[in-house]
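# Structure assessment
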Amino acid sequence: MNPQLGTLELNPKTGEPFLRLYSHHDIIITPPRWDDAPQFIPYLNDPLVNKWMSGPPVPYTEVDAQNWLNHVKPPADAVLKQLEEAKDQLDPLIVVGHCPVSIIRKVNEDGSDLMIGAVDIFRDGGGEVVVSATNPDEYVECVKSKAENVQINMNRAPGDPEIIWSFGGFEVLMWMDVPIADYVAPAYHGQGIMTDAVKTIMTKWAIPRMNARKITASTFAGNIGSQRVFAKNGFKHIVTLPDYVNVRGSIKTLEIFGWTGW
């Protein structure tokens, strides 16, 4: 087995890498697959999911799904290729610039699986907050310079601890014109799956393999469930941006949270 995979396990039948959640042993996070679209299109057309998202069009179509896959699958594949090319390097584990897994799946008793959500971590593409110049463990609001902030963040070299990462939310992928948000299918709400998934991505991959030391997350005001997910993972509220984003004709207030550590 390739030692560079680190915490990634391999499906014994397909060889697909995955991260297993800590508390939900039948839930794993895998790379996106080209045939995922039919499974997640219904989720993103469900009001219980899309009402908390800024970007996905409603109705969400197969074209939209393919466009998203075209943006998120190649970076994941590139990291897996990088790990394979470094397989003869036993120590240290290489630092990479992306997380190769993002699709949440429930594993059935027969070994098959069902896609039930997504948890994406990318370089922050919003730019509304930056790290304080006087305290590296605090964030400050800086909307007036958001475009410049994004450019600086995107230009940092992989592994730079000053990179601000962000879990899928408002404007995480706006810089690629493919907005998306983390979500779990409604049938799996209230089970702590997303809290566990965020913890898994952070501690099994983002922190040790991407050298992530600064991570933000954004939610709409009123999305108490998502806010609890991040609070349970050590995120602190940074700023409220009133009436900040127009979502399909409805003006939403944005809440931004941040984590620094390790």
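Just so we're clear, the structure is a prediction, and the values are computed from it rather than from any experiment.

## Describing helix α6 (residues 224-232)
Within the sequence span of α6, burial applies to Gln-227, Val-229 and Phe-230. All buried residues of α6 lie within an arc of 155 degrees about the axis, which places them on one face of the element. In α6, those exposed residues whose orientation departs by more than 90 degrees from the buried face are Arg-228 and Lys-232. Residues of α6 that are buried sit in contact with β9 (165-167), α5 (193-210), β11 (214-220) and β13 (250-260). Following α6 by one or two positions, Gly-234 has its phi on the positive side, about 90 degrees.

## What to know about the sheet that holds strand β1 (residues 9-10)
Strands sit in the order β1-β2-β3-β4-β5-β10 across an open sheet of six strands; the sheet is antiparallel. Looking at strand neighbours, the two that pair on one side only are β1 and β10 (183-184), the edges of this open sheet. For strand β2 (residues 17-20) and strand β3 (residues 27-30), the ladder comprises two bridges, and the chain directions are antiparallel. The residue bridging Leu-19 from the neighbouring strand is Ile-29, located in β3. Its contacts with the sheet place helix α1 (residues 37-44) against β5 (113-118) and β10, and it is angled at close to 45 degrees to β5. Most of the contacts of α5 go to β2, to which it runs at about 120 degrees, and overall it touches β2, β3, β4 (103-107), β5 and β10.

## Concerning the environment of Ala-118
By the element assignment, Ala-118 lies in strand β5. Take Ala-118: its relative accessible area is 1%, and that puts it in the buried class. With 46 residues separating them in the primary sequence, Ala-118 and Ile-164 have C-alpha atoms 20 Å apart. If sequence neighbours within four positions are ignored, Ala-118 has contacts with Ser-102, Ile-103, Ile-104, Asp-182, Tyr-183 and Met-194.

## Some remarks on the packing of aromatic side chains
For the structure on display, the rule yields six aromatic pairs. Judged by centre distance (5.1 Å) and plane angle (80 degrees), the ring pair of Phe-40 and Trp-68 falls under edge-to-face. Of the two residues, Phe-40 is situated in helix α1 and Trp-68 in helix α3 (residues 62-85); the sequence distance between them amounts to 28 residues. According to the relative accessible area criterion, Phe-40 is buried, its value standing at 1%. Between the aromatic rings of Phe-167 and Phe-230, the centroid separation amounts to 6.0 Å while the plane-to-plane angle is 40 degrees, which identifies the pairing as tilted. Residue Phe-167 is located in strand β9, and its partner Phe-230 is located in helix α6; the two are separated by 63 residues in the primary sequence. The exposure class assigned to Phe-230 is buried, which follows from its relative accessible area of 6%. Ring pairing ties together the aromatic residues Phe-40, Tyr-60 and Trp-68, which thus form one cluster.

## Overview of unusual backbone geometry
Cis geometry is adopted by the peptide bond preceding Pro-59, which originates at Val-58 and carries an omega value of 5 degrees. Looking at the secondary structure, you find Pro-59 in the loop between α2 (47-50) and α3. Going from Asp-91 to Pro-92, the amide bond is cis rather than trans, its omega being 5 degrees. By secondary structure assignment, the location of Pro-92 is in the loop between α3 and β4. Even without being a glycine, Asn-211 presents a positive backbone phi close to 60 degrees. If you check the backbone angles, Asp-243 has positive phi at about 45 degrees while not being a glycine. Structurally, the position occupied by Asp-243 is in strand β12 (residues 236-247).

## With respect to the confidence of the model for the protein
With 95% of its residues at a pLDDT of at least 70, the protein reaches an overall mean of 92. Every residue in residues 170-176 is under pLDDT 50, and counting partners more than four places away or in other chains gives 27 contacts.

## A short note on the pattern of salt bridges
In this structure the tally under the stated criterion is ten salt bridges. A salt bridge links Asp-77 to Lys-73; the nearest nitrogen and oxygen atoms lie 3.1 Å apart. Of the two residues, Asp-77 and Lys-73 both sit in helix α3, four residues apart, roughly one turn of that helix. Residue classification places Lys-73 among the buried positions, given a relative accessible area of 10%. Its salt-bridge partner being Lys-87, residue Glu-84 comes within 3.0 Å of it at the nearest N-O pair. Take Lys-87: its relative accessible area is 38%, and that puts it in the partly exposed class.

## Overview of empty space enclosed by the protein
Evaluated as defined, the whole model comprises two cavities of 30 Å³ or more. One number sums up the size of the largest cavity: a volume of about 50 Å³. Every residue along the wall of the largest cavity is listed here: Pro-32, Val-72, Ala-76, His-98, Cys-99, Val-101, Ser-102, Asp-120, Ile-121 and Phe-122. Across the lining of the largest cavity, the residue classes break down as seven nonpolar, two polar and one charged. Roughly 40 Å³ of internal volume is contained in the second largest cavity. As for the second largest cavity, its lining consists of Asp-124, Glu-128, Val-129, Ser-166, Thr-216, Ser-218 and Ile-256. Residue classes in the lining of the second largest cavity are distributed as two nonpolar, three polar and two charged.

Basis of the calculations
Residues numbered from 1 in each chain as written. Predicted model: local features only at pLDDT ≥ 70, side-chain atom pairs only at ≥ 80, totals over all residues. Heavy atoms only, no water. Buried < 20%, exposed > 50% of the residue type's maximum accessible area, 1.4 Å probe, protein only. Helix = DSSP H or I, 4+ residues; strand = E, 2+ residues; numbered from the N terminus. Arc of directions from axis to C-beta. Contact = heavy atoms within 4.5 Å. Pairing = 2+ DSSP bridges. Axes fitted to C-alpha atoms, helices over the stretch in contact; angles between N-to-C directions. Phe/Tyr/Trp six-rings, centres within 6.5 Å; stacked < 30°, edge-to-face > 60°. pLDDT = per-residue confidence, 0-100. Salt bridge = Lys/Arg side-chain N within 4 Å of Asp/Glu carboxyl O. 1 Å grid on protein atoms, 1.4 Å probe; cavity = no way out; pocket = protein on both sides within 12 Å on 5 of 7 lines; lining within 4 Å. Points joined across faces, edges and corners; volume = space filled by probe spheres on them. Nonpolar A, V, L, I, M, F, W, Y, C, P; charged D, E, K, R; others polar.

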